[in-house]
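If you want the building blocks of each chain, they are given just below.
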Amino acid sequence: MITITKTVTTKYKVSTVSRNFLVLNENNRKTRPGAFGAFKCFICDQSLGTGDRLEIIETDKGQKVVCKQCAKDIEKKLEEGNDE
């Protein structure tokens, strides 16, 4: 049997960062179990737990939830005008 692995790369253009959008709590988990990207950072895949602040980035493909560090990094790149 032959196995083929295909990797697709998608580029997202980030326009803004919304810091401290929401503090994740147990009520969020119960009422919206599938929301917020299953409670993981869109960029680094870090799990977000109770008490963590959700940060939102606006992309050309919609809003994405990111962790505090990734939001900080993206915000810095936007301020520098770095569009990598």
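## Focus: the overall build of the protein chain
Stage number 1. On a plain count of helices and strands, the protein chain comes out with three helices and three strands.
Stage number 2. Element order for the protein chain, N to C, with α for helix and β for strand: β-α-α-β-β-α.
Stage number 3. Split by element, the accessible area of the protein chain, about 6,400 Å² in all, is 48% carbon and sulfur.

## Focus: the environment of Asp 60
Stage number 1. Within the secondary structure, Asp 60 is located in the loop between strand S2 (53–59) and strand S3 (62–66).
Stage number 2. In this structure Asp 60 comes out as partly exposed when scored by relative accessible area, which is 45%.
Stage number 3. Separated by 45 residues in sequence, Asp 60 and Ser 15 place their C-alpha atoms 7.7 Å apart.
Stage number 4. With sequence-adjacent residues up to four places away left out, Asp 60 is seen in contact with Lys 11, Tyr 12 and Lys 13.
Stage number 5. Reaching out from Asp 60, the side chain makes a polar contact with the backbone nitrogen of Lys 13 at a distance of 2.9 Å.
Stage number 6. Among the polar contacts listed, one links the side chain of Asp 60 to the side chain of Lys 61, at a separation of 3.2 Å.

## Some thoughts on the sheet that holds strand S1 (residues 14–23)
Strands pair in a sheet through their backbones, by hydrogen bonds, and they do so in one of two ways: parallel or antiparallel.
Stage number 1. Strands sit in the order S1-S2-S3 across an open sheet of three strands; the sheet is antiparallel. Looking at which strands have only one partner, the edges of the open sheet turn out to be S1 and S3. Neighbour to neighbour, the strand axes of the sheet diverge by 25° on average, direction disregarded.
Stage number 2. Sheet analysis places S2 next to S3, joined by five bridges and oriented antiparallel. The partner of Ile 56 across the bridge, within S3, is Val 65.

## Here's the deal with the packing of aromatic side chains
Stage number 1. Scanning the entire structure with this criterion turns up one aromatic pair.
Stage number 2. An angle of 85° between the planes, with centres 5.1 Å apart, marks the rings of Tyr 12 and Phe 42 as edge-to-face. Of this pair, Tyr 12 sits in the segment before S1 while Phe 42 is found in the loop between helix H2 (36–39) and S2, placing the two residues 30 residues apart along the sequence.
Stage number 3. Looking at Tyr 12, the relative accessible area reads 33%, which means it is partly exposed.

## Quick look at the confidence of the model for the protein chain
Stage number 1. Scored by pLDDT, the protein chain comes out at a mean of 84, with 86% of its residues at no less than 70.
Stage number 2. The least confident element of the protein chain, judged by mean pLDDT, is H2 at 59; the most confident is helix H3 (residues 68–80) at 92.

## Section: a positive patch on the surface
Stage number 1. On the surface, a cluster of positive charge is made up of Arg 53, Lys 68, Lys 72 and Lys 76.
Stage number 2. Element by element, the count of residues in the positive patch is highest for H3, at three residues.
Stage number 3. Positionally, Lys 72 belongs in helix H3.

The rules behind the values
- Residues numbered from 1 in each chain as written.
- Predicted model: local features only at pLDDT ≥ 70, side-chain atom pairs only at ≥ 80, totals over all residues.
- Heavy atoms only, no water.
- Helix = DSSP H or I, 4+ residues; strand = E, 2+ residues; numbered from the N terminus.
- Areas by Shrake-Rupley, 256 points an atom, 1.4 Å probe, with all protein chains shown as cover.
- Buried < 20%, exposed > 50% of the residue type's maximum accessible area, 1.4 Å probe, protein only.
- Contact = heavy atoms within 4.5 Å.
- Polar contact = N/O pair within 3.5 Å; in protein donor to acceptor, adjacent residues only side chain to side chain.
- Pairing = 2+ DSSP bridges.
- Axes fitted to C-alpha atoms, helices over the stretch in contact; angles between N-to-C directions.
- Phe/Tyr/Trp six-rings, centres within 6.5 Å; stacked < 30°, edge-to-face > 60°.
- pLDDT = per-residue confidence, 0-100.
- Patch = residues over 30% accessible without salt bridge, like charges linked within 9 Å, V, L, I, M, F, W, Y side chains within 5 Å.
- Salt bridge = Lys/Arg side-chain N within 4 Å of Asp/Glu carboxyl O.
- Lys, Arg positive; Asp, Glu negative; His and termini not counted.
- Charge placed at Lys NZ, Arg CZ, Asp CG, Glu CD.

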